[in-house]
Amino acid sequence: MIAMKGVCRYMELKIGSKAPKFTLPSTIGGSISLADLVGKKVVVYFYPKDDTPGCTIEACEFRDRMSEITEQGAMVLGISPDNLDSHEQFRTKFNLNFDLLTDKDRSVMLAYDSWGKKVVKGKESVGVLRNTFLIDENGDIGTIWRNVTPAGHADEVIEAIKSL
């Protein structure tokens, strides 16, 4: 673990390393465990806040491309610190066809190096880092995107899923 002024982070993940396991509350009821998804390709994306401009663009692009994603044997999980009520309102408002998970204590974000210092509009803060991880059927990290630009990101992810 690496300590940074009030933020503890795990060592940076690399392509080919085992994806950190997690179990988080989900909008489809109960919890989702990464361990239960062995045999599937899983897109795990971290986003700052439900129903904000960038997060909405990213989520709606995944929604609109979901048939291409599932045709490749993959699924999408969005993770933010928002609570399940907020997630469900976001899913309903934008007709999202994938699950959103809540990471209130930010432990999964820390494990995936997706919580930390960032600069937004010239102001430094600590928060969710917009990162995406493509996890292969064996639970290994196949591709990592850091500091994602929401528009067009689903295209990048689909290309990576096809080549995994």
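Refer to the preceding data block for the structure.
As a starting point, this report considers the structure included with it.

Rules of the game
- Starting afresh in each chain, residues are numbered from 1 along the sequence in its written order.
- Owing to the predicted nature of the model, reporting of local features is limited to residues with pLDDT of at least 70; listing and counting of side-chain atom pairs is limited to 80 or more, with chain, interface and lining totals taken over all residues.
- As a rule here, side-chain values cover all heavy atoms of the structure and leave hydrogens and water aside.
- Segments assigned H or I by DSSP are reported as helices when at least four residues long, segments assigned E as strands when at least two residues long, and all are numbered from the N terminus.
- For a compact globule the rule gives 2.2 Å times the number of residues to the power 0.38, and the radius of gyration it is set against comes from C-alpha atoms.
- For every residue, the accessible area obtained with a 1.4 Å probe (protein chains only) is divided by the maximum for its type, and the residue is called buried under 20%, exposed over 50%, and partly exposed between those limits.
- By definition, residues are in contact when any of their heavy atoms lie within 4.5 Å.
- Note on charges: Lys and Arg go in the positive column, Asp and Glu in the negative column, and His and the chain ends are not counted at all.
- For this purpose, a charge sits on NZ of Lys, CZ of Arg, CG of Asp or CD of Glu.
- The directions from the helix axis to the C-beta atoms form the arc being described.
- Two strands qualify as a pair provided DSSP detects at least 2 bridges between them.
- Here, a salt bridge means any Lys or Arg side-chain nitrogen found within 4 Å of an Asp or Glu carboxyl oxygen.
- Here, two cysteine sulfur atoms that lie within 2.5 Å of each other are counted as a disulfide.

**Let's talk about the overall build of the protein**
Now for step 1: Per the secondary structure count, the protein includes five helices and eleven strands.
Now for step 2: Compactness check: the protein gives a C-alpha radius of gyration of 15 Å against a globular reference of 15 Å for 164 residues, within 12% of the reference.
Now for step 3: Across its three principal directions, the C-alpha atoms of the protein cover 45 × 35 × 30 Å.
Now for step 4: The proportion of buried residues among the 164 residues of the protein is 51%.
Now for step 5: In the protein, the proportion of contacts linking residues at least 24 apart, taken out of those at least 6 apart, comes to 63%.
Now for step 6: In the protein, which carries 21 positive and 23 negative side-chain charges, the distance between the mean positions of the two groups comes to 6 Å.

**Some points on helix H5 (residues 153-163)**
Note: α-helices contain 3.6 residues per turn, so residues at a spacing of three or four share the same orientation.
Now for step 1: Among the residues of H5, His153, Ala154, Val157, Ile158, Ala160 and Ile161 are the ones counted as buried. Viewed end-on, H5 has its buried residues packed into an arc of 165°, placing them on one side of the element.

**With respect to the pairing of strand E11 (residues 141-145)**
Now for step 1: In terms of burial, E11 is largely enclosed, as four of its five residues are buried.
Now for step 2: Bridge count between strand E10 (residues 132-135) and E11: four bridges; the pairing is antiparallel. Within E11, the position partnered with Thr132 by the bridge is Trp145.
Now for step 3: Between E10 and E11, which pair antiparallel one after the other, the connecting turn spans five residues, and Gly139 there sits at a positive phi close to 85°.

**Observations regarding unusual backbone geometry**
Now for step 1: At Asn95, a position not held by glycine, the phi torsion is positive, near 55°.
Now for step 2: Within the secondary structure, Asn95 sits in the loop between helix H3 (84-93) and strand E7 (99-102).
Now for step 3: Overall, Asn95 belongs to the exposed group, its relative accessible area being 62%.
Now for step 4: Here the phi dihedral of Arg106 falls at roughly 65°; this positive angle occurs in a residue that is not glycine.
Now for step 5: Assignment of secondary structure puts Arg106 in the loop between E7 and helix H4 (107-111).

**Observations concerning the pattern of salt bridges**
Now for step 1: Across all of its chains, the model carries nine salt bridges by this definition.
Now for step 2: As a salt-bridge pair, Glu58 and Arg130 come within 2.8 Å of each other at their nearest N and O atoms. One end of the pair, Glu58, is in helix H1 (residues 53-64); the other, Arg130, is in the loop between strand E9 (123-128) and E10, with 72 residues separating them in the sequence. The same class applies to Glu58 and to Arg130, which are both buried.
Now for step 3: A salt bridge links Arg65 to Glu68; the nearest nitrogen and oxygen atoms lie 2.5 Å apart.

**Section: the state of the cysteines**
Now for step 1: Counted by the stated rule, this structure contains zero disulfides.
Now for step 2: Sulfur of Cys55: no disulfide; nearest cysteine sulfur belongs to Cys60 and is 11 Å away.
Now for step 3: The exposure class of Cys60 is buried, given its relative accessible area of 12%.

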